Amino acid sequence: EAGVAQSPRYKIIEKRQSVAFWCNPISGHATLYWYQQILGQGPKLLIQFQNNGVVDDSQLPKDRFSAERLKGVDSTLKIQPAKLEDSAVYLCASSDYRAKNTEAFFGQGTRLTVV
Amino acid sequence: AQRVTQPEKLLSVFKGAPVELKCNYSYSGSPELFWYVQYSRQRLQLLLRHISRESIKGFTADLNKGETSFHLKKPFAQEEDSAMYYCADGSSNTGKLIFGQGTTLQVKP
């Protein structure tokens, strides 16, 4: 089966600019996650969708980050304006239902560098 | 708050040596724990989950509730095991994963 697709793979922007990442989950997966992975740390959940509704966005810096999942399929994550500390790999993952012990499938990630 | 601790950032062993990657969790109930692995230039992928009680690529992990640990073990390391390993807690009702900071396993020839 096709995996989770993310684009772009790499992005370099100046601070205060805006940027958007796109994710296409595995077909049929109702749950979609965006994780932020700063260098030397484990992934940290930013936002979780179940279909097109938000389940958990407690760690999302809402003053600058926003995310949407149109029609319960693709998702975009936006940062506006970006700060230097936003430099990280942004991982999208999906799973087939919201339950424990479900495997999450990850995309290749988007590496963001803010200069 | 739930927390996962992997005390070693780097573990370096020789081929054929035993490996143990440490993981401790803080969840007080019945935890749902996973090990994910990221090989060089590949995406993060599931290695094993504790509920399955299976051995994958020779790796096993036993849940020890008394010590709140879920250490990953392999009796004889292979060079292809070199990768980044993350322990994750999926105990949240939403199914989200809380990751440790990861351990780089380096298996030398």
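In every chain, residue numbers begin from 1 and rise along the written sequence. The lettering of chains begins at A and the numbering of ligands begins at 1, in the order of writing. For a predicted model such as this one, the threshold for reporting local features is a pLDDT of at least 70, and the threshold for listing and counting side-chain atom pairs is 80 or more; totals across whole chains, interfaces and linings nevertheless cover every residue. Excluded from the side-chain calculation are hydrogens and water; included are all heavy atoms of the structure.

Participant: Hey, could you run me through the state of the cysteines in this one?
Facilitator: Here, disulfide denotes a covalent bond that connects the sulfur atoms of two cysteines. Our working definition of a disulfide is a cysteine sulfur pair at a distance within 2.5 Å. A complete count under the given rule lists two disulfides over all chains for this structure. Linked covalently through their sulfurs, A:Cys23 and A:Cys92 form a disulfide whose S-S length is 1.9 Å. In this structure the cystine formed by A:Cys23 and A:Cys92 twists about its S-S bond by roughly -70°; its chirality is therefore left-handed. Taken together, the positions of A:Cys23 in strand β3 (residues 19-24) and A:Cys92 in strand β9 (residues 88-95) put the pair 69 residues apart, joining distant regions of the chain. Paired by a disulfide, B:Cys23 and B:Cys87 hold their sulfur atoms 2.0 Å apart. On the S-S bond that ties B:Cys23 to B:Cys87, the torsion sits near -65°, and the link is left-handed. Placement of the pair is B:Cys23 in the loop between β3 (19-21) and β4 (24-25) and B:Cys87 in strand β9 (residues 83-89), with a sequence separation of 64 residues. Of the two residues, B:Cys23 and B:Cys87, both sit in the buried class. By the criteria applied, helices consist of DSSP H or I runs no shorter than four residues and strands consist of E runs no shorter than two, each listed in order from the N terminus. Residue exposure (1.4 Å probe, protein chains only): buried if accessible area is under 20% of the type maximum, exposed if over 50%, otherwise partly exposed.

Participant: When you look at the environment of A:Thr110 in this model, what are you seeing that I'm missing?
Facilitator: Residues and elements named next belong to chain A. By the element assignment, threonine 110 lies in strand β11 (residues 110-114). A C-alpha to C-alpha distance of 6.0 Å links threonine 110 and proline 8, two positions 102 residues apart in sequence. Other than its neighbours up to four places away in sequence, threonine 110 contacts Gln6, Ser7, Pro8, Arg9, Phe21, Ala88, Val89 and Tyr90. A distance of 2.5 Å separates a polar side-chain atom of threonine 110 from the backbone oxygen of proline 8. Should any heavy atoms of two residues lie within 4.5 Å, those residues are counted as being in contact. N or O atoms closer than or at 3.5 Å make up a polar contact, with two conditions inside protein: a donor-capable atom paired with an acceptor-capable one, and, for residues adjacent in sequence, both atoms drawn from side chains.

Participant: For this particular structure, what's the right way to read the nonpolar core?
Facilitator: As a rule of thumb, soluble globular proteins bury nonpolar side chains together. Nonpolar core, defined: a set of buried Ala, Val, Leu, Ile, Met, Phe, Trp, Tyr and Cys residues in which side-chain atoms within 4.5 Å join the residues together. Core analysis: the largest hydrophobic core is formed by 23 residues, its most contacted members being B:Trp35, B:Leu72 and B:Tyr85. Within the residue set of this core, elements represented by two or more residues are β2 (10-14), β3, β5 (33-38), β6 (45-49), β8 (69-74), β9 and β11 (103-108) of chain B. Ranked by size, the runner-up nonpolar core spans 21 residues in total, among them A:Ile26, A:Ile79, A:Ala82 and A:Tyr90.

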